[in-house]
Amino acid sequence: MSNVLTDRHALYSAAEFRRRALHQSGGPVDMSWRDHGDHVLNPDIVAQVESFKLRDAAVLVPVIDDGDEAHVIFTQRTATLRKHSGQIAFPGGKIDAIDGSAERAAIRETEEEIGIDGSFVETVARLPNYLASTGFRITPVLAVVRRGFELKLNPTEVDDVFEVPLSFLMNPANHSRDRRVLDGLERQFYRMPYESRMIWGITAGIVRTLYERLYA
């Protein structure tokens with residue numbers, strides 16, 4: 001994909017993000033998940049996880065329309081949750097039968113977790129699935145969010161919400177690699193420290209995939 005700016009859109013604007021999301025490189029989203037993010041770093045673990053009975057989940061990757069410098073919303077999960085407690089995450093959760101699609105599930109979960117009304121959210125595209133060793137097949141839903149929304153955090157799920165410039169996340173110089181034993185398996189993963197926060201694990205893997213398909 002060319003990195004030449006269009007006449008209309010700054011590189012890290014929500015408008016340019018939308019355009020790139022609709023014209024992703026890297027093959028069809030339903031066939032190329034093994035080729036992106038930290039799946040490439042952990043082929044043996046990915047093959048093992050693929051054999052699990054996976055539950056379908058969705059997360060919203062919310063990109064705020066802030067003119068030439070879009071921002072991405074992240075949550076910090078509460079320390080009392082059974083899965084991924086205290087970690088940095090995108091809003092999201094299990095896809096319920098009543099949802100009908102990953103997009104509807106991601107919007108519903110976002111409203112339930114942090115209070116952003118769906119009328120402020122424009123879903124744009126999907127990224128390839130992320131297979132988590134905790135037993136989830138996660139569909140990342142890319143979205144543009146209009147300012148004017150109000151936050152209302154669900155204290156049983158979310159401790160905090162913060163924003164990171166899209167330009168920071170899409171700079172590969174901010175993507176470092178690490179390894180750790182997770183769920184009994186030694187796994188390589190990406191780390192993206194931002195101010196006092198540490199984005200890593202599943203969330204960093206999704207961000208890395210976003211970079212590879214839209215901005216690399």
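Thresholds, definitions, all that
Residues numbered from 1 in each chain as written. Predicted model: local features only at pLDDT ≥ 70, side-chain atom pairs only at ≥ 80, totals over all residues. Heavy atoms only, no water. Helix = DSSP H or I, 4+ residues; strand = E, 2+ residues; numbered from the N terminus. Rg over C-alpha atoms; globule rule 2.2 N^0.38 Å. Buried < 20%, exposed > 50% of the residue type's maximum accessible area, 1.4 Å probe, protein only. Contact = heavy atoms within 4.5 Å. Areas by Shrake-Rupley, 256 points an atom, 1.4 Å probe, with all protein chains shown as cover. Lys, Arg positive; Asp, Glu negative; His and termini not counted. Charge placed at Lys NZ, Arg CZ, Asp CG, Glu CD. Salt bridge = Lys/Arg side-chain N within 4 Å of Asp/Glu carboxyl O.

- Under an unreviewed UniProt entry, the name given to the chain is 8-oxo-dGTP pyrophosphatase MutT, NUDIX family, and the source organism is Rhizobium tibeticum.

### So, the overall build of the chain
Then step 1. Helix and strand content of the chain: five helices and 11 strands.
Then step 2. Relative to the compact-globule value of 17 Å for 216 residues, the chain shows a C-alpha radius of gyration of 16 Å, a close match.
Then step 3. Seen through its C-alpha atoms, the chain measures out along the principal axes to roughly 50 × 40 × 35 Å.
Then step 4. Looking at the 216 residues of the chain, the share that counts as buried comes to 51%.
Then step 5. Of all intrachain contacts in the chain linking residues separated by at least 6 positions in sequence, the fraction that spans at least 24 positions is 67%.
Then step 6. Carbon together with sulfur atoms contributes 48% to the accessible area of the chain, which is approximately 10200 Å² in total.
Then step 7. Measuring between centres, the 26 positive side-chain charges of the chain sit 4 Å from its 31 negative side-chain charges.

### So, the pattern of salt bridges
Then step 1. Counted by the stated rule, this structure contains 18 salt bridges.
Then step 2. For Arg108, the salt bridge goes to Glu112, with nearest N and O atoms at 3.3 Å. Pair noted here: Arg108 and Glu112 are both in helix H3 (residues 102-114), with a separation of four residues, about one helical turn.
Then step 3. In this structure Glu112 comes out as partly exposed when scored by relative accessible area, which is 39%.
Then step 4. A network of salt bridges, in which partner residues are shared, links Lys94, Asp96, Asp99, Arg108, Glu109 and Glu112.

### Let's talk about the environment of Ala125
Then step 1. Its place among the elements puts Ala125 in strand S5 (residues 121-126).
Then step 2. Exposure remark for Ala125: the relative accessible area of 16% places this residue in the buried category.
Then step 3. Spatially, the C-alpha atoms of Ala125 and Val141 are 6.1 Å apart, while their sequence positions differ by 16 residues.
Then step 4. Not counting chain neighbours up to four residues away, the residues in contact with Ala125 comprise Ala21, Gln24, Pro140, Val141 and Leu142.

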